[in-house]
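Spelled out, the chains give:
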Amino acid sequence: MAVELCLLLLLLCGSTVSEVQPLHKPPPGTLDFGFVPAKTYDTNAYHEPGPIGILFRLVHSFLYLVQPNSFPQDLIKKLTQQKFGNVQGDYQKPENVVLTLQAIYYEIGFIVSAALGLLFVLLLPLVGLCFCMCRCCDNCGGEMHQRQKKNADCRRGCFATFLFVASLIISIGVLCAYAANQHLTSQVRGAKNLVHSNFKDLRIFLNDTPGQIDYLVSQYNTTKNKALSDLNNVGPLLGSRVQERFAKEVRPALDAALTMAGAIRETKEALENVSVSVEVLQEGTERLHSNLTDVKIHLSNTLSDSACSAAQAASTCNIIRNSLNQLNINANFSGLPGVSEQLAKVNDILKIDLSSLVQKGYAAFNDTPDLVLNQTRNILSDIKNLLDLIGSNITSFTQMLPVQKVLSDLTIYLTQSEAYVQDHFPLVEQYDFYRWLGCLILCCMVILILVFYYLGLLCGTCGYDKHASPTTRGCISNTGGNFLMAGVGFSFLFSWVLMITVVITFVTGGNVEKLVCEPFEDRTLFKVLDTPYLLNRHWRNYLSAIVLKNPDINLTFEKVYSDCKENKGIYTTLHLENLFNINEFLNISMYTEDVSLKIEHINVNLSNIVLLDEIGKRNLLDFSSSGIDGINFAAYLTEINKSITKVDLLSFANDLEARADQLPKGALENALKGHANSIRMIHNQQVVPLEQAMKYVKARSTLNQSIRLLQRTSSEFMVKVRNVISAVDAAQFLISNDASLVIIQETKKYMDMIIGYFEQYVEWVKESITMEVAACKPIANVIDTAVDIFLCSYVIDSVNTFWFGLGGSSIFLIPAIICAVKLSKYYRRMDTEDVYDDSVEQW
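Rules and cut-offs
Residues numbered from 1 in each chain as written. Predicted model: local features only at pLDDT ≥ 70, side-chain atom pairs only at ≥ 80, totals over all residues. Heavy atoms only, no water. Helix = DSSP H or I, 4+ residues; strand = E, 2+ residues; numbered from the N terminus. Buried < 20%, exposed > 50% of the residue type's maximum accessible area, 1.4 Å probe, protein only. Contact = heavy atoms within 4.5 Å. Areas by Shrake-Rupley, 256 points an atom, 1.4 Å probe, with all protein chains shown as cover. Core = buried A, V, L, I, M, F, W, Y, C linked by side-chain atoms within 4.5 Å. Phe/Tyr/Trp six-rings, centres within 6.5 Å; stacked < 30°, edge-to-face > 60°. Salt bridge = Lys/Arg side-chain N within 4 Å of Asp/Glu carboxyl O. Axes fitted to C-alpha atoms, helices over the stretch in contact; angles between N-to-C directions. Parallel < 35°, antiparallel > 145°, perpendicular 65-115°, else oblique. Nonpolar A, V, L, I, M, F, W, Y, C, P; charged D, E, K, R; others polar. Disulfide = S-S within 2.5 Å. Expected span 1.5 Å × (residues − 1). Arc of directions from axis to C-beta.

**Remarks on the overall build of the protein**
Piece 1. What the protein contains, in helices and strands, is 30 helices and two strands.
Piece 2. Counting all 843 residues of the protein, 45% fall into the buried class.
Piece 3. Partitioning the intrachain contacts of the protein with sequence separation of at least 6 by distance along the chain shows that 90% fall at a separation of at least 24.
Piece 4. Total accessible area on the protein is roughly 42400 Å²; 58% of this is exposed by carbon and sulfur atoms.

**A look at the nonpolar core**
Piece 1. In this structure, Leu 163, Tyr 453, Val 488, Phe 802, Leu 806 and Leu 823 are the most contacted members of the largest nonpolar core, which totals 49 residues.
Piece 2. Of all the elements in the fold, those that place two or more residues in this core are helix 3 (53-66), helix 6 (108-136), helix 7 (152-218), helix 15 (403-463), helix 16 (475-521), helix 28 (777-811) and helix 29 (813-827).
Piece 3. Here this core takes 10 residues from helix 16, the largest share from any one element.
Piece 4. Excluding residues that lie within four positions of it along the chain, Tyr 453 makes contacts with Leu 163, Ser 167, Leu 484, Gly 487, Val 488, Ser 491, Ala 816, Ile 817 and Ala 820.
Piece 5. Ranked by size, the runner-up nonpolar core spans 48 residues in total, among them Leu 231, Leu 387, Leu 410 and Phe 520.

**Considering the environment of Asn 567**
Piece 1. Tracing the backbone shows Asn 567 in the loop between helix 19 (557-565) and helix 20 (570-573).
Piece 2. On the basis of relative accessible area, Asn 567 is assigned to the partly exposed category, the value being 29%.
Piece 3. Taking C-alpha positions, Asn 567 is 9.8 Å from Thr 770, a pair spaced 203 residues apart along the chain.
Piece 4. If we skip the residues at most four places from it in the chain, Asn 567 touches Tyr 41, Met 771, Ala 775, Cys 776 and Lys 777.

**Re helix 19**
Piece 1. Within the span of helix 19, buried status applies to Val 560, Tyr 561, Ser 562, Asp 563 and Cys 564.
Piece 2. On the buried face of helix 19, the contacting elements are helix 16, helix 17 (524-529), helix 18 (542-547), helix 20 and helix 28.
Piece 3. Two residues or fewer past helix 19, Asn 567 is found with a positive phi of approximately 60°.

**Things to note about the packing of aromatic side chains**
Piece 1. What the rule picks out here adds up to 19 aromatic pairs.
Piece 2. Judged by centre distance (5.5 Å) and plane angle (45°), the ring pair of Trp 539 and Tyr 542 falls under tilted.

**Structural notes on the pattern of salt bridges**
Piece 1. This structure, assessed with the given rule, holds seven salt bridges.
Piece 2. The partner of Asp 563 in a salt bridge is Lys 559, with the nearest N and O atoms 2.7 Å apart. In this pair, Asp 563 and Lys 559 are both assigned in helix 19, four residues apart and thus about one turn of the helix distant.
Piece 3. Since its relative accessible area comes to 39%, Lys 559 is described here as partly exposed.

**Digging into the packing of helix 28 against helix 29**
Piece 1. With their axes 4 Å apart at the nearest point, helix 28 and helix 29 run at an angle of 30° to one another. When the axes of helix 28 and helix 29 are compared, the pair comes out roughly parallel. Contacts between helix 28 and helix 29 involve Ser 809, Ser 810 and Ile 811 from the first element and Leu 813, Ile 814 and Pro 815 from the second.
Piece 2. Taken together, the residues of the contact of helix 28 with helix 29 break down into four nonpolar, two polar and no charged.

**So, the state of the cysteines**
Piece 1. Tallying each qualifying case throughout the model produces two disulfides.
Piece 2. The residue that forms a disulfide with Cys 517 is Cys 792, at a sulfur-sulfur distance of 2.0 Å. Taking the sign of the S-S torsion, -100° for the link of Cys 517 and Cys 792, the bridge is left-handed. Of this pair, Cys 517 sits in helix 16 while Cys 792 sits in helix 28, placing them 275 residues apart in sequence. Across the pair, Cys 792 and Cys 517 agree in class, each one buried.
Piece 3. Bridging Cys 564 to Cys 776, the disulfide has an S-S length of 2.3 Å. Between Cys 564 and Cys 776 the disulfide shows an S-S torsion of about -110°. By sign, it is left-handed. Highlighted residues: Cys 564 in helix 19 and Cys 776 in the loop between helix 27 (694-771) and helix 28, separated in sequence by 212 residues.
Piece 4. Cys 776 sits in the buried class, given a relative accessible area of 0%.
Piece 5. Free of any disulfide, Cys 439 has its nearest cysteine sulfur in Cys 443, 6.8 Å distant.
Piece 6. Residue Cys 439 is classed as buried on the basis of its relative accessible area, which comes to 12%.
Piece 7. Not part of a disulfide, Cys 459 finds its nearest cysteine sulfur in Cys 462, a span of 7.3 Å.

**Here we look at helix 3**
Piece 1. Along its 14 residues, helix 3 runs 20 Å from first to last C-alpha, staying within 8% of the 20 Å computed at 1.5 Å per residue.
Piece 2. Taken together, the buried positions of helix 3 are occupied by Gly 53, Phe 56, Val 59, Leu 63 and Val 66. Seen along its axis, helix 3 keeps its buried residues to an arc of 125°; they face one direction. Exposed and facing more than 90 degrees away from the buried side of helix 3 are Ile 54, Arg 57, Tyr 64 and Leu 65.

Spelled out as structure tokens, the structure:
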């Protein structure tokens, strides 16, 4: 009944497990379900005997000498399956004779030892009776006459020594027997606490299991809350996944478009810089050109003077006149083509804010999570209702199970069992007291014999006078001899009682140790119990037939005990999955399929996302046809690289002054030197500023950089614009045409993640039920306490040690009797003695 109630209690454990194997491979986020609450059991099913353990091991070694054969599994199986005595003549069957001989062969050590003990029981009293009758007839040492021998002292000493050694061995044996007797009594009295500890653990086992089951059920809320959290964040989760799939194409395209918008602004700035810089440089070079032209005209007028017609001045004037063409500007910025037309087109293009249009595309694409959230509100509401329904079904199912009734029945059964043990334990203690008293009496019998032997040795040794003749020995010596004979008499009286006790306890305790305790320790005993059709000829597996009502299930005593020793859950230990169809109670797969169908119905429309409208694309195309590539960049770079004037004005002025010095003194010389000074003044006031002043230097540098920038980028504009528009169109095509496929794929991943939470919960419940829920360690502790500790360690080891000590003492009574009889002759006062004639001696 207790087993069935326990199995009913585990029904709820099984109800939370699904047999459906996980179908979804992507690992979801790990959920933390915490630890199943479990209390610590008090019972420590291990016994350390202490110092007396040395005696226990010694007895085990002796039993191995008596019975060295291994545990006879096959023999016990055959004997158990064989029915003796049902039909007359069964014992004469050959197979039964063989089994009997095999049993005798296995027990031959015990049989021989028991036969010797029985022989001791029969012969020693008979020998004692004959010995007494013989002594009454003055034989067998009964004659009070001692013959004088030369080695009398040596013989007396040897007999005394042998008797003392035998008495010591008997003393050690009786001490061992007494220690074993006391140990058994103390352990029986202490077993009450051990029994109480086991009942306490069983009560904890019963009381703790419902709480563990409730914890398993309550942790569904962890799964539910995580699923609800992800459903509430469907936008960031599913929307972000869809967004990430398109982002590989969309973001580079929008980034390129935004870069082109920046390039348009940079182009405008470059064109403006070119226009302004050219105007600044044109202003400076035109004024220089005007002044140089005036100087050249004045210088030409001076050379037209009649003084240059003179023979001395004609050649010099011709040289100067031929060099006047050098007196001109070299860099002519006025002849460069303007960029106003291109600048106007770019300004018209910039009237449309391309960056704003691109940012709108970014915003539309970045709103994908919100778009997903808004379009899945109805479906998410249905899924949330479904999750609530699952939780309510689990709760209602747990309320339907008769947990409280099962607990109540088990608790009542356990309470009754504990009360029965508590009521009858005093009776056990009472019977143990009778046993202790009987064993103590047996020890006292041996002690009484030892007292006589020790008193005899003490009195005989101390009172012996080697100068006294046998007829004149002292009273103390004579008393010692009498004590020895009294010890011999009590030895004959008590020896058979002692040996009968030794034989009975030896055969019983030895066989229990060899046939129960040792095979239980190495679990061979369980293998015998697990033999098919052994305990019931119709059941292959006895335990599964009792527990699961199915003898074909491989449920063995050894496996159950091993699992309970490892503190595994009783659901796994007893293979309760064969008793309860989990899917009938709670089919998690049914709910996960419903959730999957709801999630698969998610349909997100991304057709409203526009990355770049037609206005933006037209803006890019207008920019590519703005005519920037038609600018004569070579002309600009050529003028920028030219010097300000064709000739160095300072060198020209110095040369002019030197040639003026070659002319005769006069107005012509002075005029030429005045023109040289004018040229120097133009160089200092106009050329030097054009070369060094910040205004003109910056204008030339800006013009150079802007022209090179325009030249570098203009050749790439057409290609870049086409690439940007192509990239945007490709990304837009992907969103418009492939969005449904991507959404289906990402929705499945999202569904796998949500379903994965349920699979985690189911796997966690399975593992918890396997290892933690209703951990059956107390059941193994009860078995260990009953068999290994109480029966084997407390009772059998103590009983075996008792007969070992008492048997050794009984055996050594034989040499003690012989030595005591021989020695008493040297201590007792004799009635007659040998008399020697002096004359004969002298002869």
